[in-house]
Amino acid sequence: MAKPDQNQVLRQLPLVAGGLAGVLLLLNRFLTPQLTESQARSDALGVLLSALLILTGLLWQQVQPRSPEVVELVGEEGFELAPDLPEPVKTELAWASRQLLTNTVTRSLVVWYQGRVLLRRGILGENSQVKPGAILQRVLDKQKPVYLVALKLYPGRIEFDYLPENTQGVICQPVGNRGVMVLGANAPRSYTKQDENWIEGIANKLDDTLSRYLEA
């Protein structure tokens, strides 16, 4: 379930106050049988203040950033490693996945290398197998990461059936030229440039270990 925006009330407050004040001034004008000079001045000042409040509210809608819509990912939390991996590889995968899950917005992580899944960690999807689709193949071919900022907007999202079904954002990071690290977040547009650099660095370190211990 999506968490409410904590700043929503604050952003709406000037709009509501300005609109309410304007309505009350209008009612007061209609209910006053005879308008005095002092009341006319007060009404003019009230209209000005109401307009300023409404303008402030509209500006706050643009200036104050909205928090990404965070959801609770569907699935069970787990940690799965391919059982036949050398111990140094298991250690490296465990370390890398822990760093990504604790230092970025990643909530689900899959490492696919040399045609098989080496690791799944975080909130696990129902499907434990990875069948590379067009997006993963593009990452492998071009050796460049792909960031899907809001997964639900992309028709190609169906290839990520090994992630939780309500995953909001996905980064596909190449691990050398033989693998991909797929990271899923619980909020759209939530990875920063610093996160992307961190993910790339982890992937490069992981590739160095995998290429030394796993045969082609």
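Look up: the structure comes first, before these words.
Residues numbered from 1 in each chain as written. Predicted model: local features only at pLDDT ≥ 70, side-chain atom pairs only at ≥ 80, totals over all residues. Heavy atoms only, no water.

Caption draft 1: Focus on the packing of aromatic side chains. Applying the stated criterion across every chain, the model contains two aromatic pairs. An angle of 85° between the planes, with centres 5.6 Å apart, marks the rings of Tyr147 and Tyr191 as edge-to-face. Of this pair, Tyr147 sits in strand 4 (residues 146-148) while Tyr191 sits in the loop between strand 6 (179-185) and helix 5 (193-213), placing them 44 residues apart in sequence. Across this residue pair, the class does not change: Tyr147 and Tyr191 are buried. (Phe/Tyr/Trp six-rings, centres within 6.5 Å; stacked < 30°, edge-to-face > 60°. Helix = DSSP H or I, 4+ residues; strand = E, 2+ residues; numbered from the N terminus. Buried < 20%, exposed > 50% of the residue type's maximum accessible area, 1.4 Å probe, protein only.)

Caption draft 2: Summary view of unusual backbone geometry. For Gln143, which is not a glycine, the phi torsion comes out positive at approximately 55°. Its place among the elements puts Gln143 in the loop between helix 4 (134-142) and strand 4. Residues other than glycine seldom take positive phi values, yet Arg189 does so here, at roughly 50°. Within the element layout of this structure, Arg189 appears in the loop between strand 6 and helix 5. For Arg189, a relative accessible area of 54% puts it in the exposed group.

Caption draft 3: Structural view of the pattern of salt bridges. If you walk through the whole model with that rule in mind, you get five salt bridges. Linking Arg120 and Glu80 is a salt bridge whose minimum nitrogen-to-oxygen distance equals 3.1 Å. Of the two residues, Arg120 sits in strand 3 (residues 116-124) while Glu80 sits in strand 1 (residues 76-81), which places them 40 residues apart along the sequence. You can call Arg120 buried: its relative accessible area is 6%. Look at Glu80 and you get partly exposed, because its relative accessible area is 36%. Between Glu92 and Lys205 there is a salt bridge, with its nearest N and O atoms 2.8 Å apart. Of the two residues, Glu92 is situated in helix 3 (residues 87-103) and Lys205 in helix 5; the sequence distance between them amounts to 113 residues. Looking at Glu92, the relative accessible area reads 12%, which means it is buried. (Salt bridge = Lys/Arg side-chain N within 4 Å of Asp/Glu carboxyl O.)

Keep in mind these values describe shape, not function.
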